[in-house]
Amino acid sequence: MTGTTSRNRKARHCRECGGALASPSEKKIGRCADCPASYDEALFERLREWRSARAADDSVPAFVVFTDATLQLIAEHRPADERELLRISGVGSSKLAKYGDDVLAVLAGKEI
Ligand SMILES: [Zn+2]
């Protein structure tokens, strides 16, 4: 690892097969629609469930909590603590303060 910082720039090439990405949704997730996911899909689903519950509690749309792309990155990288979570694209210090404990609890397999 070279420690290069990744920005929120949208990907042009699939991170699985390296092929060019055509649609906006493919660019958002950085992967072709038909390439297999490199993240844990069961974990991603648990994160989505947590997000809908949390968004309902806070009376905000789900994407305000986290976007699908951010949840996929979390499911892929499985950050172990707040410092690692903060490295995920889409997670800033205010989101970390609001949602960090919940996300880490979901990652740890706890019931929220
Ligand atoms: Zn691909």
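Data block above holds the structure.
About the criteria used
Residues numbered from 1 in each chain as written. Predicted model: local features only at pLDDT ≥ 70, side-chain atom pairs only at ≥ 80, totals over all residues. Axes fitted to C-alpha atoms, helices over the stretch in contact; angles between N-to-C directions. Helix = DSSP H or I, 4+ residues; strand = E, 2+ residues; numbered from the N terminus. Left-handed = near helix turned anticlockwise from the far one by under 90°. Contact = placed C-beta atoms within 7 Å. Nonpolar A, V, L, I, M, F, W, Y, C, P; charged D, E, K, R; others polar. Buried ≥ 20, exposed ≤ 12 C-beta atoms within 10 Å, placed from the backbone. Parallel < 35°, antiparallel > 145°, perpendicular 65-115°, else oblique. Core = buried A, V, L, I, M, F, W, Y, C linked by C-beta atoms within 7 Å.

Colleague: Any details on the packing of helix H2 (residues 41–58) against helix H6 (residues 93–107)? Residues and values, ideally.
Modeller: Packing of H2 against H6 leaves a shortest axis separation of 10 Å and a crossing angle of 145 degrees. As for the relative orientation of H2 and H6, their crossing is right-handed in sense. For the pair H2 and H6, contact is made by Arg46, Leu47, Trp50 and Arg54 and by Tyr99, Asp102 and Val106, respectively. The residue makeup of the contact of H2 with H6, split by class, is four nonpolar, no polar and three charged.

Colleague: Go over the environment of Val91, please, and point to the residues and values.
Modeller: With respect to the element layout, Val91 can be found in the loop between helix H5 (82–85) and H6. Taking the C-beta count within 10 Å as the criterion, Val91 has 21 such neighbours and is therefore assigned buried. Considered as a pair, Val91 and Arg15 are 76 residues apart in the sequence and their alpha carbons are 20 Å apart. Residue contacts for Val91: discarding those within four places in its chain leaves Thr70, Leu85, Leu86 and Leu96.

Colleague: Describe helix H4 (residues 68–77), with residues and values.
Modeller: Within the span of H4, buried status applies to Thr70, Leu71, Gln72, Leu73, Ile74 and Ala75. Those residues of H4 that are buried lie in contact with helix H1 (24–29), H2 and H6. Phi turns positive one or two residues past the end of H4, at Arg78, with a value near 45 degrees.

Colleague: Any chance you could break down the packing of H2 against H4 for me, citing the residues and the numbers?
Modeller: Relative orientation of the contacting elements H2 and H4 amounts to 135 degrees, with a least axis distance of 9 Å. The pairing of H2 with H4 is recorded here as oblique in orientation. Note that H2 runs across H4; the crossing there is right-handed. Along its contact with H2, which presents Leu43, Phe44, Leu47, Arg48 and Arg51, the element H4 presents Leu71, Gln72, Ile74 and Ala75. Looking at the contact of H2 with H4, its residues break down into six nonpolar, one polar and two charged.

Colleague: So, the nonpolar core: which residues are in play, and what are the values?
Modeller: Grouped together as the largest cluster of nonpolar side chains are 14 residues, with contacts concentrated most on Leu47, Leu71, Ile74, Ile88, Val103 and Val106. Elements supplying a minimum of two residues to this core: H2, H4 and H6. Sorting elements by how many residues they give to this core places H4 first, with four residues.

Colleague: Mind laying out the environment of Leu43, listing which residues take part and the relevant values?
Modeller: Structurally, Leu43 can be placed in helix H2. Here Leu43 falls in the partly exposed class, since 18 other C-beta atoms lie within 10 Å of it. Placed 32 residues apart in sequence, Leu43 and Ala75 show a C-alpha to C-alpha distance of 5.9 Å.

Colleague: Which residues make up unusual backbone geometry, and what values do they have?
Modeller: One non-glycine residue with positive phi stands out, namely Ser59, at about 55 degrees. With respect to the helices and strands, the residue Ser59 is situated in the loop between H2 and helix H3 (62–65). Note on Ser59: 7 C-beta atoms within 10 Å, which makes it exposed. One non-glycine residue with positive phi stands out, namely Arg78, at about 45 degrees.

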